[in-house]
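Here is what each chain is made of, one letter per residue.
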Amino acid sequence: QDCPGVQSAFAFLVGLKSVPLDAGGLSELATALEASPRWDAAVDLWKRVHRTSAPPRYFRASAVRDGRHNYSTMDLTKKTGGAAMRRAGWYVNLK
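Report follows, based on the coordinates. (Residues numbered from 1 in each chain as written. Predicted model: local features only at pLDDT ≥ 70, side-chain atom pairs only at ≥ 80, totals over all residues. Heavy atoms only, no water.)

## Some details on helix H3 (residues 73-88)
Defined as follows: For the purposes of this entry, the term helix denotes a DSSP run of H or I that reaches at least four residues, the term strand denotes a run of E that reaches at least two, and both are numbered from the N terminus. Take the number of residues in a helix, subtract one, and multiply by 1.5 Å to get its expected span. Burial here depends on accessible area, computed with a 1.4 Å probe over protein chains only, as a share of the maximum for the residue type. Under 20% is buried, over 50% is exposed, and the range in between is partly exposed. Contacts were defined at the residue level, with two residues in contact if any of their heavy atoms lie within 4.5 Å.
With 16 residues, H3 extends 22 Å between its outermost C-alpha atoms, agreeing within 8% with the 22 Å of an ideal straight helix rising 1.5 Å per residue. Looking at H3, one finds that the buried residues are Leu76, Thr77, Thr80, Gly81, Gly82, Ala83 and Ala84. Considering only its buried residues, H3 is in contact with helix H1 (23-35), helix H2 (39-50) and strand E1 (58-59). The first or second residue beyond H3 is glycine 89, which carries a positive phi of 75°.

Structural data, given as structure tokens:
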């Protein structure tokens, strides 16, 4: 059985110097994520890890945040997941 040994791979897609702590910050982050020029490199990394030439069709967004914000981790996950869906055309799979 094939066992490549990689459980997860993370690709840096967007960095912002500061993000407002209100709902406007969520929108700013989602817009920057959707417009990121790093998507091709992230998908290439995914293809190498999964040993395939086809891009993924499904994804799961996860978020970790630090500090006090006027939005929840779930709000952040929904907003960034929506940006990924629009950008890549993928479907959500929470498994």
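## Comments concerning H1
Residues spaced three or four apart along an α-helix face the same direction, because each turn holds 3.6 residues. Just so we agree on the cut-off: The reported arc concerns the directions from the helix axis to the C-beta atoms and nothing else.
A rise of 1.5 Å per residue sets the reference length of H1, with its 13 residues, at 18 Å; its end C-alpha atoms lie 19 Å apart and thus fit the reference within 8%. Inspection of H1 places Gly25, Leu26, Ala30, Ala32 and Leu33 among the buried residues, and these make up the whole buried set. Projected onto a plane normal to the axis of H1, the buried residues spread over an arc of 165° and lie on a single side. The outward face of H1, more than 90 degrees from its buried face, is lined by the exposed residues Ala23, Thr31 and Ala35.

## Here's the deal with the side chain of threonine 77
Within the element layout of this structure, threonine 77 appears in helix H3. Contacts of threonine 77, omitting those with residues within four sequence positions, involve Ala61, Ser62 and Ala63.

## Thoughts on the packing of aromatic side chains
Heads up, the condition is: The pairing test for Phe, Tyr and Trp rings, Trp by its six-membered ring, is centres within 6.5 Å, and the orientation test on the planes gives stacked under 30 degrees, edge-to-face over 60, and tilted for anything in between.
Applying the stated criterion to the full structure yields 3 aromatic pairs. Judged by centre distance (5.7 Å) and plane angle (70°), the rings of tryptophan 39 and tryptophan 90 are edge-to-face. Residue tryptophan 39 is found in helix H2, and its partner tryptophan 90 is found in the loop between H3 and strand E2 (91-92); the two are separated by 51 residues along the sequence. Judged by its relative accessible area of 5%, tryptophan 39 is buried. On the numbers, 6.1 Å between centres and 45° between planes, the contact of tyrosine 58 with tyrosine 91 is tilted. Remark: tyrosine 91 occurs in strand E2 and tyrosine 58 occurs in strand E1; sequence separation between them is 33 residues. For tyrosine 58, a relative accessible area of 44% gives the class partly exposed. Put simply, the rings of Trp39, Phe59 and Trp90 pair up and form one aromatic cluster.

## Observations concerning the pattern of salt bridges
Going by this rule: For salt bridges, the criterion is a side-chain nitrogen of Lys or Arg within 4 Å of an Asp or Glu carboxyl oxygen.
The tally for this structure, following the rule as stated, stands at 1 salt bridge. As a salt-bridge pair, arginine 86 and glutamate 34 come within 3.0 Å of each other at their nearest N and O atoms. In this pair, arginine 86 sits in helix H3 while glutamate 34 sits in helix H1, placing the two residues 52 residues apart along the sequence. On the accessibility criterion, arginine 86 (53% relative accessible area) is exposed.

## Quick word on the nonpolar core
Rules: The term nonpolar core refers to a set of buried residues drawn from Ala, Val, Leu, Ile, Met, Phe, Trp, Tyr and Cys, joined through side-chain atoms within 4.5 Å.
Listed in full, the 10 residues of the largest apolar core are Leu13, Ala30, Leu33, Trp39, Ala42, Val43, Phe59, Ala83, Ala84 and Trp90. For this core, the elements supplying multiple residues, two or more each, are H1, H2 and H3. The element that contributes the greatest number of residues to this core is H2, accounting for 3 residues.

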